[in-house]
Amino acid sequence: MGRDAVRDRRALLRFVDPRSLRWKIAAGVAAAACAMAVGIGLLVHQRTEERGLGIGRAAAMRELDQAKADFRGEQPTRRDPRERSNYVVGDEVPDPLRDRLGSSSSTTVTWYDTRKPLQGPSMWAAERVDGTVIAVSVSMLGEQLSLEALDRHVRYAAIATLAVVVPLTLLAAELVLRRLRRVAGTARRIRHGDLDARTEGRGHDEISEISSAVDHMADALQERLRGEQRFTADVAHELRTPLTGLVTSASLLPESEATELVRDRVRVLRGLVDDLLEISRLDAGAERADTQPVPLGELVTESVRRAGLEEHVTVTVVGHPMAETDPRRLDRIITNLALNAHRHGGPPVEVTVDATTIVVRDHGPGFPPDLLRHGPQRFHTATTERGHGHGLGLTIAQGHSHVIAATLTLTNATPHGAVATLKLPSTTKTATQ
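Numbers given to residues run from 1 along each chain, matching the order in which its sequence is written. Two thresholds apply to this predicted model, a pLDDT of at least 70 for residue-level local features and 80 or more for giving and counting side-chain atom pairs, whereas whole-chain, interface and lining totals are computed over all residues. For side-chain calculations, the full set of non-hydrogen atoms in the structure is used, while hydrogens and water are omitted.

Novice: Please explain the nonpolar core as it appears in this structure.
Specialist: Buried together is how nonpolar side chains tend to be arranged in soluble globular proteins. In terms of nonpolar packing, the biggest core is built from 32 residues, with Leu330, Leu337, Ile358 and Leu422 touching the most fellow members. Numbered from the N terminus, helices here are DSSP runs of H or I no shorter than four residues, and strands are runs of E no shorter than two. Among the secondary structure elements, those contributing two or more residues to this core are helix H7 (296-306), helix H8 (327-344), strand E8 (349-354), strand E9 (357-361), helix H10 (392-403), strand E10 (407-412) and strand E11 (418-423). Counting residues in each nonpolar core, the second largest holds 14 residues, with Ala59, Ala67, Tyr87 and Val138 among its members. By nonpolar core is meant a set of buried Ala, Val, Leu, Ile, Met, Phe, Trp, Tyr and Cys residues that side-chain atoms within 4.5 Å join together. Each residue is assigned to one of three classes by its accessible area relative to the maximum for its type, calculated with a 1.4 Å probe on protein chains only: buried under 20%, partly exposed between the two thresholds, exposed over 50%.

Spelled out as structure tokens, the structure:
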């Protein structure tokens, strides 16, 4: 799978991730739009229903006036009197309407009848005429159908609005998230050692404030680290001259057990100063790789032998891998990794060379969690189980791996043990014979 395919797959996974701020914003806007649509729909529904009921009451009252005139014989009846389909009297009047009317002789009441859903609702009007209850009904089916059609159209309009609003919200959110991802990417680059990374945000909104804060943080962090690097380099150079005299003086001492102890401590101090000088050169960024074809199996085996670990470290080489790299820096990396595994890990220590991948594994307690989270740090010792140290070996190994464009990964094995994996760049030429 190529880099473009991996990048596209990550972008797709990031897009469909429901935890993304994009979808949270879209969900919030959709919820707000739905709430607005429901509120407007309920208001329109209520007002339209009230209007329909008012129209129905007015129609029922007109029908009641016509029925009263027909009942009193004030004008010719337009229908057969025996049918009287336009009004009812006496026991034909529905009980709920009769209860509403009560015993009043001059009150006109209306009642919305929904007892027959299949036939549709009706609006009733009733009044006592000469002691007889007379009532009429008007069908409200048309108004009900109109109200249902209105509700249906409101729902359609809400769905259409969401279909437009949600994509536009996603697009607007993407413009914001793109700026946030750029800030996060800058922070990740700073975390991985690129202290020159800057966001350079423009504008005067909140995201620009975050970008500016990240840039100022990077400036302060870069200045502090440069101060520490200058201090390390100055200390190493200042110690070099008196150390040279100390080494010479130790060599002139008469042979004894105390002399051997002094010489051993001088050698340790000299190694520490050399490591500090090497770190100062790596920090300066002036180191350049001197690449040439290198037989990896032979180089790793020789590195282990020169470190005096041939009896403690097992080297396994798959085939005859060749690599285009800097042999001096690779030798330094392998030596530091093997010494770290031997001193702070547990036996057996195994080194495996397979193509352009070199794995150093021990069977001790493993790397401490803090080292796995933040990477090697100078003068940061490991856990008590892995012994004590200055934290310079892994730091130097990581620095040289950057110079030769290799990747050094530190992990813990299952059930126990530390694993250091060095992967040379993919452009490295390899061959098996």
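Okay, back to it.
Novice: So what exactly am I meant to see when it comes to the sheet that holds E9 here?
Specialist: A sheet is described by the order of its strands in space; here five strands give the open sequence E6-E8-E9-E11-E10, paired in mixed fashion. The two strands at the open ends of the sheet, each matched to only one other strand, are strand E6 (313-318) and E10. In this sheet, adjacent strand axes meet at a mean angle of 15° when their direction is disregarded. Taken together, the six bridges between E6 and E8 define a ladder with parallel strand orientation. Paired with threonine 316 across the two strands is threonine 352, which belongs to E8. Residue contacts are defined here by distance: any two heavy atoms, one from each residue, within 4.5 Å place the two residues in contact. Angles here are taken between N-to-C directions and fall from 0 to 180 degrees, while the axes themselves are lines fitted to C-alpha atoms, restricted in helices to the stretch in contact. Strands in contact with H7 are E6, E8 and E9; relative to E6, the strand with the most contacts, it is inclined by about 175°. Strands pair, by our definition, only if DSSP identifies at least two bridges between them.

Novice: In this structure, what is going on with unusual backbone geometry? I would like to understand it.
Specialist: Looking along the chain, the bond that leaves proline 347 and enters proline 348 is cis, with omega of -5°. Inspection of the secondary structure assignment puts proline 348 in the loop between H8 and E8. Geometrically, the link from threonine 414 to proline 415 is a cis peptide bond, its omega value of 5° lying close to zero. By secondary structure assignment, the location of proline 415 is in the loop between E10 and E11. With a phi close to 55°, alanine 355 is a non-glycine residue in the positive phi region.

Novice: How do you make sense of the confidence of the model for the protein chain when you look at a structure like this?
Specialist: Residues shown with low pLDDT carry predicted positions that ought not to be read at fine detail. The predictor's confidence in any single residue is recorded as pLDDT, a number from 0 to 100. For the protein chain, per-residue confidence averages 80 on the pLDDT scale, and residues scoring 70 or more make up 85% of the total. Within the protein chain, helix H1 (residues 3-16) has the poorest average pLDDT of any element, 63, and strand E2 (residues 109-113) the best, 91. Overall, residues 77-85 carries pLDDT values under 50, and its contacts beyond four positions in sequence, including any with other chains, amount to five contacts. In this model residues 385-390 is a low-confidence stretch, pLDDT under 50, and it forms 21 contacts with partners more than four residues away in sequence or in other chains.

Novice: Any chance you could explain the pattern of salt bridges here in plain terms?
Specialist: One side chain can pair with another of opposite charge once the charged atoms of both are near each other. One speaks of a salt bridge when a side-chain nitrogen belonging to Lys or Arg is within 4 Å of a carboxyl oxygen belonging to Asp or Glu. For the structure on display, the rule yields 11 salt bridges. Note that arginine 47 is salt-bridged to glutamate 50, the shortest N-O span being 3.4 Å. Here arginine 47 pairs with glutamate 50, and both are found in helix H2 (residues 21-72), just three residues apart, close to one helical turn. Arginine 47 gets classed as exposed once you look at its relative accessible area, which sits at 51%. Taking the shortest distance from any N to any O, the salt bridge between arginine 306 and aspartate 331 comes out at 2.5 Å. Placement of the pair is arginine 306 in helix H7 and aspartate 331 in helix H8, with a sequence separation of 25 residues. Owing to a relative accessible area of 17%, aspartate 331 belongs among the buried residues under this scheme. A single salt-bridge network, built from bridges that share partners, covers Glu302, Arg305, Arg306 and Asp331.

Novice: Just checking my understanding: could you explain the environment of tryptophan 111 for this structure?
Specialist: By the secondary structure assignment, tryptophan 111 is in strand E2. For the pair tryptophan 111 and arginine 100, spaced 11 residues apart in sequence, the C-alpha to C-alpha distance is 8.2 Å. In contact with tryptophan 111, not counting residues within four places along its chain, are Pro94, Pro96, Leu97, Arg100, Ser122, Met123 and Trp124.

Novice: In this structure, what is going on with empty space enclosed by the protein? I would like to understand it.
Specialist: Using a probe with the size of a water molecule, rolled over the atoms, empty space left in the structure can be pinpointed. Points on a 1 Å grid over protein atoms alone make up a cavity when a 1.4 Å probe fits among them but cannot get out, and a pocket when they form an open set with protein on both sides within 12 Å along at least five of seven lines; lining residues each have an atom within 4 Å of a point. Grid points are joined across faces, edges and corners, and a volume is the space filled by probe spheres set on the points. Going through the model one piece at a time under the given rule, you end up with one cavity of 30 Å³ or more. There is about 40 Å³ of room inside the largest cavity. Around the largest cavity, the lining comprises 10 residues; the ones closest to its centre are Asn340, Ala341, Asp362, Phe367 and Ala420. Counting residues per element, the lining of the largest cavity draws most heavily on H8, at three residues. Its residues assigned to classes, the lining of the largest cavity shows seven nonpolar, one polar and two charged. Basically, the charged four are Asp, Glu, Lys and Arg, the nonpolar ten are Ala, Val, Leu, Ile, Met, Phe, Trp, Tyr, Cys and Pro, and anything else, Gly included, counts as polar.

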